[in-house]
Structures are given as C-alpha cells and as structure tokens.
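Fold and contact review
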Amino acid sequence: SSNNSSNNDNNKNQEETKTTATTSSSSDAQALLQSRFAESNDVMEWILQEDYESLDETLPVSIKELKKRGAHRCWHKHSTFLQHLLGVHNVLRLWDQSKTTARVGLLHSAYSNSYVNLALFDPKHD
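This write-up is about the structure you can find in this document. Model, not experiment: these values are computed from the prediction.

Cut-off values and rules
- Here, residues in each chain are numbered from 1, in the same order as that chain's written sequence.
- This being a predicted model, a pLDDT of at least 70 is required before a residue's local features are given, and a value of 80 or more before pairs of side-chain atoms are given or counted; all residues contribute to the totals for chains, interfaces and linings.
- For the side-chain quantities, the full set of heavy atoms in the structure was used; hydrogens and water were omitted.
- Note on conventions: DSSP H or I runs of at least 4 residues are helices, E runs of at least 2 residues are strands, and numbering of each starts at the N terminus.
- Only protein chains enter the area calculation, which uses a 1.4 Å probe; residues under 20% of their type maximum are buried, those over 50% are exposed, and those in between are partly exposed.
- A contact between two residues is defined here by any heavy atoms of the two lying within 4.5 Å.
- Surface exposure here means Shrake-Rupley accessible area, sampled with a 1.4 Å probe, where a residue is shielded only by the protein chains that are shown.
- Nonpolar core, defined: a set of buried Ala, Val, Leu, Ile, Met, Phe, Trp, Tyr and Cys residues in which side-chain atoms within 4.5 Å join the residues together.
- Each salt bridge in this description consists of a side-chain nitrogen of Lys or Arg and a carboxyl oxygen of Asp or Glu lying within 4 Å of one another.

**Some words on the overall build of the protein**
- When its secondary structure is counted, the protein shows five helices and two strands.
- When the helices and strands of the protein are placed in sequence order, the string is α-α-α-β-β-α-α.
- Scored against the burial criterion, the 126 residues of the protein give a buried share of 23%.
- Here the contacts in the protein between residues at least 6 apart in sequence split such that 47% fall between residues at least 24 apart.
- When the accessible surface of the protein is split by element, carbon and sulfur atoms take 51% of a total near 9,100 Å².

**Describing the nonpolar core**
- Membership of the largest hydrophobic core is limited to twelve residues, which are V43, I47, L55, L59, I63, L66, A71, F81, L82, L85, L86 and L106.
- Residue assignment for this core shows that the elements contributing at least two residues are α1 (2–49), α3 (59–68) and α4 (81–94).

**Overview of the environment of R103**
- Checked against the element boundaries, R103 lands in helix α5 (residues 99–106).
- Taking the C-alpha atoms as reference points, R103 and L86, separated by 17 residues in sequence, lie 9.5 Å from one another.
- Non-local contacts of R103, meaning those with residues more than four positions away in its chain, are made with D56, E57, T58 and H89.

**Side note on the pattern of salt bridges**
- Considering all chains together, one arrives at five salt bridges under this definition.
- Here D56 and R103 are joined by a salt bridge, their closest N and O atoms 2.6 Å apart. Of this pair, D56 sits in the loop between α2 (52–55) and α3 while R103 sits in helix α5; the two residues are 47 residues apart in sequence, bridging distant segments of the chain.
- Linked through salt bridges whose partners overlap, the residues forming this network are D56, E57, K99 and R103.

**With respect to the environment of G105**
- As for its placement among the helices and strands, G105 is situated in helix α5.
- For G105, a relative accessible area of 5% translates into the label buried.
- For the pair G105 and L85, spaced 20 residues apart in sequence, the C-alpha separation works out to 7.0 Å.
- Once residues lying within four places of it in the same chain are set aside, the contact partners of G105 are L85, V88 and L92.

Note that every value here comes from positions in space, so none of it alone points to a role or purpose.
Printed below as a string of structure tokens:
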C-alpha cells in the first residue's frame, strides 16, 4: 500500500511537471507569435506607407540607384521594373525573411536573366 501511495505521488509529480512545462512552452510560443505578429504589422504598415527607411536603412539608397539606372522607366509584366523589384522585396519581408534576403530579392534580376533582358547593372563593372 505504501508502494502504491509512493507511485501515485510520483505519477502526480510527473503530471504536474509536464503541465508546468507545457504551460511554459505554450506561453513562450504565444509570446513569440505575438512578437512576430507585431513585427509583421510593422512591416505591413511600413510597406503601405512606403516608409523605406524603416523597412531597411539601405533601401532608400538602393531605390535611388535603381531609379538612376532607369528601373522606374522600364515596363515589366504589369508594372514598372522598379515596382516589380520592390514588390519582390516587400513579399520577402512579409514572409518574415531577413533584410539581406529581401535585398537579394530587390536586385534579383537587375543584372538581367534568361527570361528578361532589363540589365540595369553591368556584371563586369558593377
């Protein structure tokens, strides 16, 4: 009977430990989700406001360089080439990708590619 009582106490302690761990990890996950949601809302708002400086401190300079090379004058599919490049950048940020990944997206075909010949940069010099 004493063994039974001891086993019941051990089982109860294990269940309480599991419940505490689950509650703790659930709270951590919820806090992480809330943080990510807040960041996503910020990113969305910056995109809607065209607040490029808040999205990425290097973005205004990159956009200026793309405009200097005529990206805002080239038509690409359904918009200007600049709008397309910015759209790719923005989608990547909304998908919670890093600023570095979004920068690559911004310039993903600025050197041209096998489908579109809109080379804004010369790979031999730029």
